[in-house]
Amino acid sequence: MCLAMPMKINTIDGAYARCEAGGLSQDIRVDFITDPRPGDYVMVHAGFAIEKMSEKEALENIALLEEIKNAL
């Protein structure tokens, strides 16, 4: 099973962005979304940003994933 993860864009270099979530940094592709910018939150699946999301949505998703992790 694959899970998409909300991440925050820190820097962008062409089609790649350095993103962060939960202490994890990862380089991802951002050429599937429109106008990515540092500070944006994106849903990441298999190394690709697949949609932008609001900060509120991203933080709610991150909190839910943390709750699930702690329950296991």
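Going by the structure above, here's the rest.
Summary of the structure given here.

1. Quick word on the overall build of the protein chain
Right, on to step 1. If you tally the helices and strands in the protein chain, you get one helix and five strands.
Right, on to step 2. When the helices and strands of the protein chain are listed from N to C terminus, the series reads β-β-β-β-β-α.
Right, on to step 3. Radius of gyration (C-alpha) of the protein chain: 12 Å, near the 11 Å computed for a compact globule of 72 residues.
Right, on to step 4. Sorting the 72 residues of the protein chain into buried and exposed places 25% on the buried side.
Right, on to step 5. Taking the contacts inside the protein chain whose residues are at least 6 apart along the sequence as the reference set, 32% of them involve residues at least 24 apart.
Right, on to step 6. Carbon together with sulfur atoms contributes 55% to the accessible area of the protein chain, which is approximately 4,900 Å² in total.
Right, on to step 7. Where the 7 positive side-chain charges of the protein chain centre and where its 12 negative ones centre are 3 Å apart.

2. Describing the nonpolar core
Right, on to step 1. One finds M7, I9, A17, C19, A21, I28, V30, I33, V42, V44 and A49 forming the largest nonpolar core, which totals 11 residues.
Right, on to step 2. Contributions of two or more residues to this core are made by β1 (5-13), β2 (16-21) and β4 (41-45).
Right, on to step 3. Ignoring sequence-local partners within four residues, the contact set of I33 consists of V42, A49, I50, E51 and K52.

3. Topic: the environment of R37
Right, on to step 1. The residue R37 is located in the loop between β3 (24-29) and β4 in this model.
Right, on to step 2. Considered as a pair, R37 and I12 are 25 residues apart in the sequence and their alpha carbons are 7.2 Å apart.
Right, on to step 3. Leaving out residues up to four positions away in the same chain, R37 has contacts with I9 and I12.
Right, on to step 4. A distance of 2.9 Å separates polar atoms of two side chains, one belonging to R37 and the other to D35.

Analysis parameters
Residues numbered from 1 in each chain as written. Predicted model: local features only at pLDDT ≥ 70, side-chain atom pairs only at ≥ 80, totals over all residues. Heavy atoms only, no water. Helix = DSSP H or I, 4+ residues; strand = E, 2+ residues; numbered from the N terminus. Rg over C-alpha atoms; globule rule 2.2 N^0.38 Å. Buried < 20%, exposed > 50% of the residue type's maximum accessible area, 1.4 Å probe, protein only. Contact = heavy atoms within 4.5 Å. Areas by Shrake-Rupley, 256 points an atom, 1.4 Å probe, with all protein chains shown as cover. Lys, Arg positive; Asp, Glu negative; His and termini not counted. Charge placed at Lys NZ, Arg CZ, Asp CG, Glu CD. Core = buried A, V, L, I, M, F, W, Y, C linked by side-chain atoms within 4.5 Å. Polar contact = N/O pair within 3.5 Å; in protein donor to acceptor, adjacent residues only side chain to side chain.

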